[in-house]
Amino acid sequence: MRTGWRVLLVLLLPVWGSAAAHNGDLTVRPTCKPGFSEDDYTAFVSQNIMEGQKLLKVKFNNCAGNKGVRYETNSPDFKVRADGTLYAAHPLQVPPKPPVLRVTAWDPQSLGRREAMVRFLVAEKPQHNGHKPKGRKMVPGELAQQQSDTLLPWRQHQSANGLRRQKRDWVIPPINVPENSRGPFPQQLVRIRSDKDKEIHIRYSITGVGADQPPMEVFSIDPVSGRMYVTRPMDREERASYHLRAHAVDMNGNKVENPIDLYIYVIDMNDNRPEFINQVYNGSVDEGSKPGTYVMTVTANDADDSTTANGMVRYRIVTQTPQSPSQNMFTINSETGDIVTVAAGLDREKVQQYIVIVQATDMEGNLNYGLSNTATAIITVTDVNDNPPEFTTSTYSGEVPENRVEVVVANLTVMDRDQPHSPNWNAIYRIISGDPSGHFTIRTDPVTNEGMVTVVKAVDYEMNRAFMLTVMVSNQAPLASGIQMSFQSTAGVTISVTDVNEAPYFPTNHKLIRLEEGVPTGTVLTTFSAVDPDRFMQQAVRYSKLSDPANWLNINATNGQITTAAVLDRESDYIKNNVYEATFLAADNGIPPASGTGTLQIYLIDINDNAPELLPKEAQICEKPNLNVINITAADADIDPNIGPFVFELPSVPSAVRKNWTITRLNGDYAQLSLRIMYLEAGVYDVPIIVTDSGNPPLYNTSVIKVKVCPCDENGDCTTIGAVAAAGLGTGAIIAILICIIILLTMVLLFVVWMKRREKERHTKQLLIDPEDDVRDNILKYDEEGGGEEDQDYDLSQLQQPETMEHVLNKTPGVRRVDERPIGAEPQYPIRPVIPHPGDIGDFINEGLRAADNDPTAPPYDSLLVFDYEGSGSTAGSVSSLNSSSSGDQDYDYLNDWGPRFKKLADMYGGGEED
């Protein structure tokens with residue numbers, strides 16, 4: 001038979017006493033994270049559970065005060081109260097293998113669900129021979145004495161017949177370890193021992209979180225003796241429990257006993273202060289609220305165990321600022337943190353805000369042992385409409401000129417002690433009497449809250465000289481319950497109307513009269529008079545014309561009588577739809593003067609004063625009668641009944657008209673003119689026709705129509721030659737015209753050819769000097785003075801004597817400019833010998849200089865002059881001997897003899913040195 005193994009459980013329960021006291025201020029906890037304090041809870045229960053028996057208290061925090069949090073379980077046998085207490089719904093017996101209970105917390109604020117697991121451990125006590133001691137109930141102290149240091153979770157018992165039976169395992173009670181222990185470490189917690197260690201060598205080990213799983217090596221075990229240690233201080237707020245398993249194996253690693261579950265719980269110490277969710281809370285309450293009115297809720301969380309006094313927080317109000325009208329205007333629920341009013345007298349107009357310091361203390365509010373923290377609650381007293389608006393005075397006055405609108409005539413000032421620029425303060429004004437016609441309205445100034453009495457409908461001094469208004473003011477928001485309207489919310493407004501000079505007006509404007517056209521000059525048509533509305537002013541009205549397009553009318557300046565200044569003609573261009581319009585001005589003599597305008601419309605009735613006119617004025621017809629006829633009609637400037645039907649007839653004189661032509665009437669407005677004879681010579685004929693209208697009396701007119709008679713083709717259309725012949729030109733005249741046109745074109749052509757030839761000759765004309773004799777290097781004349789000689793690059797080799805003299809001897813004597821001809825006669829110079837002497841070159845230059853000085857057409861002194869060639873091979877040597885001396889003593893007085901063109905140069909260099 002297999003013998004079980006014994007576990008020696010040595011419990012080290014030191015008396016912590018004051019060692020578990022305050023451990024000083026700890027580091028502030030990290031930011032709140034919603035959820036259960038533990039993922040797994042362990043409940044130690046007995047075999048039989050009574051109805052309503054408390055089993056465990058779970059701790060859940062939603063970081064918002066846990067308001068409205070609901071708990072549920074997955075078993076109908078257990079329920080959870082609002083504070084997290086788990087209890088039995090009815091009596092029950094825990095089965096040998098207790099189920100795992102799932103607790104769910106539902107947060108209505110975040111609409112989230114959190115779950116935690118609850119495991120049940122059934123604790124059994126060892127009994128002798130399976131029976132309790134009789135005689136008396138054992139107290140816990142005696143029980144502790146009877147217990148040995150060895151617990152036998154798998155103890156085997158022997159039956160009465162000597163056989164040994166296996167009993168179910170004991171559940172080892174949890175091991176409690178206080179947090180924040182000061183050591184020394186490692187510190188022994190328990191000793192585990194198998195009853196087989198006498199037979200074989202056993203090695204012990206532990207596994208689980210805190211042993212071989214993170215956090216690692218929090219607990220250790222001596223593999224030989226089975227003593228288990230804690231290696232460092234524990235922190236319940238970091239982890240509240242540990243679940244380990246103890247193992248017993250032989251030296252070969254074979255399992256000797258089944259693993260044992262060890263539950264280690266960290267005992268809570270009060271090492272955490274309550275922490276408010278917010279350091280500053282903001283709330284509001286209406287002024288005049290009754291005592292007991294809810295204001296706000298403050299919440300503080302304590303990281304310590306909420307099932308113990310370490311985590312039970314209580315609230316209290318430390319100070320209230322200001323302490324008016326009472327130092328205790330508010331109170332706080334010590335458990336929930338709800339702040340409510342406790343006294344009456346909240347008045348925003350006196351105190352708008354209260355600052356309340358709230359203290360949260362754990363240890364159920366014990367100030368001697370508990371840890372505390374504070375937060376600030378700012379309570380704003382919100383405004384209610386408990387102050388009706390009141391006028392600052394009972395009467396107001398204003399003045400307005402008549403006929404003015406959108407004018408502010410009075411400002412009404414009010415006083416309201418409610419919060420400015422709120423519906424409780426904004427004023428609304430109403431006129432309750434004195435303005436039945438609606439001349440005034442009162443608008444509110446959004447900044448000052450004043451009422452602006454404004455004219456919206458013009459007032460008339462002659463009708464109302466003053467108004468007595470009664471106005472009332474109220475707020476946008478209704479008054480609070482129990483508040484009555486003040487007598488000062490009503491006031492009177494007196495508005496005086498001042499008289500101003502109003503413009504005269506025409507009572508009937510536009511005025512329409514009817515009369516026949518053609519009335520004689522000076523006829524009185526009507527009296528167009530105006531009315532002056534200023535009945536209380538003695539003023540005279542004067543009339544004048546403002547607009548009379550045809551200048552047909554006159555008006556009497558005193559009484560407004562209209563007479564004709566010319567004959568009115570309905571057919572005039574100034575008439576529109578038989579109506580003639582004229583505008584007149586009526587002005588008074590007030591200060592300042594005012595004027596008004598009136599329009600007179602004259603409807604002219606037509607009379608038969610216009611004879612009809614024949615249409616068309618010109619026509620053409622074939623020289624032989626056929627279907628080709630002339631349709632004629634008439635136009636009359638009059639209107640019905642002074643127009644058609646018309647009568648068309650040919651006059652009896654001259655007799656040839658009726659002999660050659662005939663008229664056939666088509667209707668009242670049209671007739672046809674055609675040839676009476678079989679043939680009429682082509683030409684232009686003036687045919688008189690008498691046209692008579694249907695007026696009373698009728699008018700007639702003799703109109704002449706020019707008819708071109710021409711030969712026609714087979715289609716009845718005039719031919720081109722025939723049309724010309726009909727115009728009165730014979731064949732000879734036509735030929736003469738064509739010949740003239742041809743001669744004119746020939747002359748134009750010859751003139752163009754002559755101009756082109758002349759242009760060509762001008763471009764090809766020879767120069768006065770042969771190209772070979774021209775010593776200039778493409779020098780062109782411009783209308784500018786040019787620069788000095790240094791600006792030109794001349795070929796001085798041309799001054800040498802040429803090899804042959806033929807072109808020199810054949811050349812006309814004298815110096816000639818090649819860029820333009822001289823106006824006067826060229827000067828005559830003596831003929832030089834054929835072979836010049838070398839010394840003659842100086843004389844040649846002097847002669848050229850004199851010729852240039854005396855030549856009125858000579859260019860400026862620095863322009864190029866063309867001289868004759870001097871030949872080649874001169875014996876005079878270099879001309880450098882003519883250069884000025886470098887000594888600086890050269891006499892330049894001879895420059896005065898060179899003429900006026902060298903006068904400036906003589907002034908610069910001649911005359912010696914100046915002092």
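What comes next concerns the included structure. (Residues numbered from 1 in each chain as written. Predicted model: local features only at pLDDT ≥ 70, side-chain atom pairs only at ≥ 80, totals over all residues. Heavy atoms only, no water.)

**Let's talk about the state of the cysteines**
Then, in step 1: Under the counting rule described, the total for this entry stands at two disulfides.
Then, in step 2: Disulfide partner of cysteine 622: cysteine 712, at an S-S distance of 1.8 Å. Across the disulfide from cysteine 622 to cysteine 712, rotation about the S-S bond amounts to roughly -105 degrees, and the bridge is consequently left-handed. Here cysteine 622 is found in strand S47 (residues 618-622), whereas its partner cysteine 712 is found in the loop between strand S53 (700-710) and helix H3 (720-726), with 90 residues between them in sequence.
Then, in step 3: Relative accessible area serves as the criterion here: at 1%, cysteine 622 is assigned to the buried category.
Then, in step 4: The class of cysteine 712 is partly exposed, set by a relative accessible area of 25%. (Disulfide = S-S within 2.5 Å. Helix = DSSP H or I, 4+ residues; strand = E, 2+ residues; numbered from the N terminus. Buried < 20%, exposed > 50% of the residue type's maximum accessible area, 1.4 Å probe, protein only.)

**Focus on the nonpolar core**
Then, in step 1: Judged by nonpolar contacts, the single largest core of 26 residues is most densely connected at Ile206, Phe219, Met228, Met234, Leu244, Leu262 and Ile264.
Then, in step 2: When contributions to this core are tallied by element, the ones reaching two or more residues are strand S14 (175-178), strand S15 (187-191), strand S16 (202-208), strand S17 (219-221), strand S18 (227-230), strand S19 (241-250) and strand S20 (255-267).
Then, in step 3: The element that contributes the greatest number of residues to this core is S20, accounting for five residues. (Core = buried A, V, L, I, M, F, W, Y, C linked by side-chain atoms within 4.5 Å.)

**Regarding the sheet that holds strand S44 (residues 579-588)**
Then, in step 1: Spatial ordering of the open sheet is given by S39-S45-S44-S41, a layout of four strands whose pairing is mixed. The outermost strands of the open sheet, each flanked by one partner alone, are strand S39 (511-516) and strand S41 (541-547). Sheet twist, expressed as the average angle between the axes of neighbouring strands with direction ignored, equals 30 degrees.
Then, in step 2: As judged from the six bridges shared by S41 and S44, these two strands associate in the antiparallel manner. Within S44, the position partnered with tyrosine 543 by the bridge is alanine 586. (Pairing = 2+ DSSP bridges. Axes fitted to C-alpha atoms, helices over the stretch in contact; angles between N-to-C directions.)

**Observations concerning the environment of alanine 360**
Then, in step 1: Tracing the backbone shows alanine 360 in strand S28 (residues 353-361).
Then, in step 2: Taking relative accessible area as the criterion, alanine 360 reaches 0% and is therefore assigned buried.
Then, in step 3: Residues alanine 360 and glutamate 275, spaced 85 residues apart in sequence, show a C-alpha to C-alpha distance of 8.1 Å.
Then, in step 4: When near neighbours in sequence (up to four residues on either side) are disregarded, alanine 360 contacts Pro274, Phe276, Ala300, Val313, Arg314, Tyr315, Leu371, Ser372 and Asn373. (Contact = heavy atoms within 4.5 Å.)

**Notes on the packing of aromatic side chains**
Aromatic rings in a pair are described by how distant their centres are and how their planes are angled relative to each other.
Then, in step 1: In the structure shown here, the tally under the stated rule is 17 aromatic pairs.
Then, in step 2: Ring centres of tryptophan 552 and tyrosine 580 lie 4.8 Å apart, and the angle between their planes is 35 degrees; on these two criteria the pair is classed as tilted. Here tryptophan 552 is found in the loop between S41 and strand S42 (553-555), whereas its partner tyrosine 580 is found in strand S44, with 28 residues between them in sequence. Across this residue pair, the class does not change: tryptophan 552 and tyrosine 580 are buried.
Then, in step 3: For the ring pair phenylalanine 751 and tryptophan 754, a centre distance of 6.3 Å and an interplane angle of 35 degrees mean the geometry is tilted. One end of the pair is phenylalanine 751 and the other is tryptophan 754, both in helix H4 (residues 731-764) and three residues apart, which spans about a single turn.
Then, in step 4: For phenylalanine 751, a relative accessible area of 51% corresponds to the exposed category.
Then, in step 5: By the ring-pair criterion, three or more aromatic residues cluster together here, those being Phe506, Phe528, Tyr543 and Phe584. (Phe/Tyr/Trp six-rings, centres within 6.5 Å; stacked < 30°, edge-to-face > 60°.)

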